[in-house]
Amino acid sequence: MFRINANKKFGPTLVVFVAVIFIIYGLIHVTLGIIGEKDTAIITNIRRQGGERNEAIPNKYTYSISYSFTLPDGKEIDGFTYKIGSATYIKVSNSDVSIVPVRYFKAFPHINALESDSGFRLGNFIIIGAGIVLITLIRPKKCKK
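Keep in mind that this is a model prediction, so the values were computed, not measured.

A.B. asks: Before we go on, may I ask you to explain the side chain of Thr-62 in this structure?
C.D. replies: Assignment of secondary structure puts Thr-62 in strand E2 (residues 61-70). At 2.7 Å, the side chain of Thr-62 and the side chain of Arg-53 are in polar contact. Contacts of Thr-62, omitting those with residues within four sequence positions, involve Arg-47, Arg-48, Gln-49, Arg-53, Tyr-82 and Lys-83.

A.B. asks: What am I meant to see in the environment of Pro-72 here?
C.D. replies: Its place among the elements puts Pro-72 in the loop between E2 and strand E3 (76-85). What makes Pro-72 exposed here is its relative accessible area of 78%. Sequence spacing of Pro-72 and Asp-39 is 33 residues, and the spatial spacing of their C-alpha atoms is 9.7 Å.

A.B. asks: Even after reading the chapter, I still don't get the nonpolar core, so can you show me in this structure?
C.D. replies: Soluble, globular proteins show a tendency: their nonpolar side chains are buried together. Counting residues in each nonpolar core, the largest one holds 14 residues, and the members touching the most others are Ala-41, Tyr-67 and Phe-69. Elements that contribute at least two residues to this core include exactly strand E1 (37-49), E2 and strand E4 (99-104). Top element by residues in this core is E2. It accounts for five residues. Setting aside anything within four residues of it in sequence, one finds Ala-41 in contact with Tyr-67, Ser-68, Phe-69, Ser-98, Ile-99, Val-100 and Val-102.

A.B. asks: Would you mind showing me how to read the side chain of Thr-81 here?
C.D. replies: As for its position among the elements, Thr-81 is in strand E3. Accessibility expressed as a relative area gives 10% for Thr-81, which makes it buried. One polar contact links Thr-81 to Asp-117, side chain to side chain, over a distance of 2.9 Å. Residues contacting Thr-81, with those up to four places away along its chain left out, are Tyr-63, Ser-64, Ile-65, Tyr-67, Leu-114 and Asp-117.

A.B. asks: Where do I start with a nonpolar patch on the surface in this structure?
C.D. replies: A cluster of nonpolar side chains, namely Phe-10, Leu-14, Phe-17, Val-18, Ile-21 and Phe-22, defines an oily patch on the protein surface of about 560 Å² accessible area. Residue Phe-17 is classed as exposed on the basis of its relative accessible area, which comes to 53%.

A.B. asks: Honestly, helix H1 (residues 10-35) in this entry has me stumped. Any pointers?
C.D. replies: Along an α-helix, a turn takes 3.6 residues, which lines up residues three or four apart on a common side. In a regular helix each residue adds 1.5 Å, so 26 residues correspond to 38 Å; H1 covers 37 Å between its end C-alpha atoms and thus fits that length. Here H1 has its buried residues at Ala-19, Ile-23, Gly-26, His-29, Val-30 and Leu-32. The inward-facing, buried residues of H1 abut E4, strand E5 (112-114) and helix H2 (122-138).

A.B. asks: Can you walk me through the sheet that holds E3 in this structure?
C.D. replies: Pairing between sheet strands relies on hydrogen bonds along the backbone, with the strands arranged either parallel or antiparallel. Spatial strand order, E3-E2-E1-E4-E5: five strands in an open sheet with antiparallel pairing. This sheet does not close on itself; its edge strands, each paired only once, are E3 and E5. Looking at each pair of strands side by side, their axes are set apart by 40 degrees on average, direction ignored. Bridging between E1 and E4 involves six bridges; their strand directions are antiparallel. Bridge pairing in E4 places Ile-42 opposite Ile-99.

Calculation rules
Residues numbered from 1 in each chain as written. Predicted model: local features only at pLDDT ≥ 70, side-chain atom pairs only at ≥ 80, totals over all residues. Heavy atoms only, no water. Helix = DSSP H or I, 4+ residues; strand = E, 2+ residues; numbered from the N terminus. Polar contact = N/O pair within 3.5 Å; in protein donor to acceptor, adjacent residues only side chain to side chain. Contact = heavy atoms within 4.5 Å. Buried < 20%, exposed > 50% of the residue type's maximum accessible area, 1.4 Å probe, protein only. Core = buried A, V, L, I, M, F, W, Y, C linked by side-chain atoms within 4.5 Å. Patch = residues over 30% accessible without salt bridge, like charges linked within 9 Å, V, L, I, M, F, W, Y side chains within 5 Å. Areas by Shrake-Rupley, 256 points an atom, 1.4 Å probe, with all protein chains shown as cover. Salt bridge = Lys/Arg side-chain N within 4 Å of Asp/Glu carboxyl O. Expected span 1.5 Å × (residues − 1). Pairing = 2+ DSSP bridges. Axes fitted to C-alpha atoms, helices over the stretch in contact; angles between N-to-C directions.

Next up, the structure:
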């Protein structure tokens, strides 16, 4: 029977790639809080995604929050974030404008986050730590001879 010899390094390489993405994502959010430009954004849309979360605390839902802010040169940048909230469904209408602080990199404003998600937040360090743990767990063990 013809057997394809699959590369045994694919799985560990994929895990390391995901771990590096975790670390970069966490570091970007920390860096945004330190050196990111500050501006205000207007929430354009709030949408509840899926049904009730399967957690010990009932009535928790995932909300997708879209926002938009304008750079000093007039260019409009859009962004989004996810929040976990209660069953109270919040809608944004034209008469009710919600303004939130946002951070972005001046050189590349498409990398942005709400100020509440950037900086020295526990969640950012948990994501960085998860990436480091994945890399240390996948590291090959050295054989003693």
